[in-house]
Amino acid sequence: MIDDSVYGTVPLPETADGRTGPGTSAGLRVSAVEEAVRAAAAAEIMPRFQQLAAHEIVEKSGPHDLVTVADRRAEDHLTASLTALLPGSVVVGEEAVHADPSVYDALRADAPVWIVDPVDGTRQFVRGEPGFCTLVALAQGGEVLASWTYAAALDVMAIAVRGRGAWLDGVPLRSGSPVPGAVLSVAMSHPDYTTDAQKRALLGLRTEGIDARPCGSAGLEYLDVARGALDAVAFNWELAWDHAAGLLLVTEAGGAQGTLTGDPFRITGGNALPFTAARDAATARRVRERLLTGA
């Protein structure tokens, strides 16, 4: 458990009408959010890990896009607990947006927003593999303020607070830099789930000096970049719940990120894709150059 002496609180910026955001005066305890994430996983996810019945698994857009009863109930649990922690806040969750796409518009509004992916890596969860996690990020005005990445089956918790740093189980995270001249390890979007143009861009990574492979859970891939176990990621989709938490984690660990045009990734959308996040700025530039070569 991370104590408040490590993180303290997360202040929120003023709203557009000049008022102080909810929870700012007293601050939002980072550890309280950690407790809420752990509680949701303990109540709704882990009891169903390797215990799912066939009727508890549903295809959304296709066989690669699954949702389970654990996803839905964990998101409901988090929606209740997170909004209670920060009155006036709203939740943009993967399953809520699937049911009502207009929920996504809250990312462009003024209120603080919890961005939630209850089970990132649902395919792995369904297969009974531990490579899944719960992702929560707090944002306001298009800026991610803090994030929580919890791999419940591995009991691993990573937290990032804008301007303060990133931690893994209480230990500071530093992404470091790849060894000069070493082959870069890169996790990328699976080519089967890309447009023709994106596929061509990603094929730019199939070159000497880069070992590219299809990604698993995006949240865990970002964690590996933040702790220096993976050199970079390259993704072709921009859904905020998959990327908000991980991008803050990487940048607060010392890494860098950028879209195909070199601009910072925006959680509100409209990014030039694919985009990359990497252990350092030089690696991010190298990956982007290869993506542009493929494009």
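Residues numbered from 1 in each chain as written. Predicted model: local features only at pLDDT ≥ 70, side-chain atom pairs only at ≥ 80, totals over all residues. Heavy atoms only, no water.

1. Structural notes on the environment of L291
Topologically, L291 is positioned in helix α9 (residues 281-294). In sequence terms L291 and L78 are 213 residues apart; their C-alpha atoms lie 37 Å from each other. The contact partners of L291, leaving out residues within four places of it in the chain, are A201, L202, L205, A234, L260 and P274. (Helix = DSSP H or I, 4+ residues; strand = E, 2+ residues; numbered from the N terminus. Contact = heavy atoms within 4.5 Å.)

2. Describing helix α2 (residues 30-45)
Residue pairs spaced three or four apart in an α-helix point in one direction, given the helix's 3.6 residues per turn. For α2, built from 16 residues, the straight-helix expectation of 22 Å at 1.5 Å per residue is met to within 8% by its first-to-last C-alpha distance of 22 Å. All buried positions along α2 are accounted for by V30, S31, A32, V33, E34, A36, V37, R38, A40, A41, E44 and I45. (Expected span 1.5 Å × (residues − 1). Buried < 20%, exposed > 50% of the residue type's maximum accessible area, 1.4 Å probe, protein only.)

3. Some points on the packing of aromatic side chains
Applying the stated rule across the entire model yields 9 aromatic pairs. Here the aromatic rings of F49 and F125 are separated by 5.9 Å at their centres, their planes lie at 20°, and the arrangement is stacked. Taken together, the residues F49 in the loop between α2 and β3 (57-62) and F125 in helix α5 (residues 122-126) connect sequence positions 76 residues apart. In terms of burial, F49 and F125 fall into one category: buried. Ring-pair connections join several aromatic residues into one group, and the members of that group are Y222, F235, W237, F265 and F275. (Phe/Tyr/Trp six-rings, centres within 6.5 Å; stacked < 30°, edge-to-face > 60°.)

4. Notes on the sheet that holds strand β13 (residues 210-214)
With mixed pairing, the 5 strands of this open sheet are ordered in space as β13-β12-β14-β16-β15. Every other strand in the sheet has two partners, leaving β13 and β15 (256-258) as the edge strands with one partner each. Each strand axis lies, on average, 20° off the axis of its neighbour in the sheet, ignoring direction. (Pairing = 2+ DSSP bridges. Axes fitted to C-alpha atoms, helices over the stretch in contact; angles between N-to-C directions.)

5. What to know about the pairing of strand β12 (residues 184-188)
With 4 of 5 residues buried, β12 is to be regarded as a mostly interior element. In the sheet, β12 pairs with β13 via 5 bridges, with the strands oriented parallel. Pairing of A187 across the sheet is with R213, part of β13. In this fold, β12 hands off to helix α6 (residues 196-203), which returns the chain to β13; that crossover is right-handed. Here β12 pairs with strand β14 (residues 232-235) via 3 bridges, running parallel. Among the inter-strand pairings, A187 is bridged to a residue of β14, identified as V233. (Right-handed = clockwise from strand over helix to strand, strands pointing away.)

6. Looking at the nonpolar core
General note: in soluble globular proteins, nonpolar side chains tend to be found buried as a group. If you look at the biggest cluster of nonpolar residues, it comprises 43 residues, and the most contacted ones within it are I115, Y222 and I267. For this core, the element with the highest residue contribution is helix α8 (residues 240-252), accounting for 8 residues. With sequence-adjacent residues up to four places away left out, I115 is seen in contact with V92, L107, L135, V136, A137, A139, A240, W241, A244 and I267. Core analysis: the next-biggest nonpolar cluster, separate from the first, contains 36 residues, L12, V119, Y150 and I159 among them. (Core = buried A, V, L, I, M, F, W, Y, C linked by side-chain atoms within 4.5 Å.)

7. Topic: helix α7 (residues 218-226)
Across the 9 residues of α7, 9 count as buried, placing the element largely inside the fold. Regarding α7, the residues found buried are A218, G219, L220, E221, Y222, L223, D224, V225 and A226. Just downstream of α7, G228 is the residue with a positive phi angle, here 80°.

8. A word on unusual backbone geometry
In this structure, P274 follows L273 across a cis peptide bond, with omega equal to 0°. Mapped onto the secondary structure, P274 falls in the loop between β15 and β16 (275-278). A positive phi is found at Q50, a non-glycine position, where the angle reads about 65°. Counting through the fold element by element, Q50 comes out in the loop between α2 and β3. Unusually for a residue other than glycine, D155 sits at a positive phi of about 55°. With respect to the helices, strands and loops of the structure, D155 is situated in the loop between β8 (143-151) and β9 (156-161). D155 gets classed as partly exposed once you look at its relative accessible area, which sits at 46%.

9. A short note on the packing of α6 against α9
It is the contact of α6 with α9, at a shortest axis distance of 6 Å, that shows an interaxial angle of 130°. Looking at the two axes, α6 sits oblique to α9. In this structure, the crossing between α6 and α9 has a hand that is right-handed. Packed against α6, whose contacting residues are R200, A201 and L202, the element α9 presents R290, L291 and G294 at the interface. In the contact of α6 with α9, the residues fall into 3 nonpolar, 1 polar and 2 charged. (Parallel < 35°, antiparallel > 145°, perpendicular 65-115°, else oblique. Left-handed = near helix turned anticlockwise from the far one by under 90°. Nonpolar A, V, L, I, M, F, W, Y, C, P; charged D, E, K, R; others polar.)

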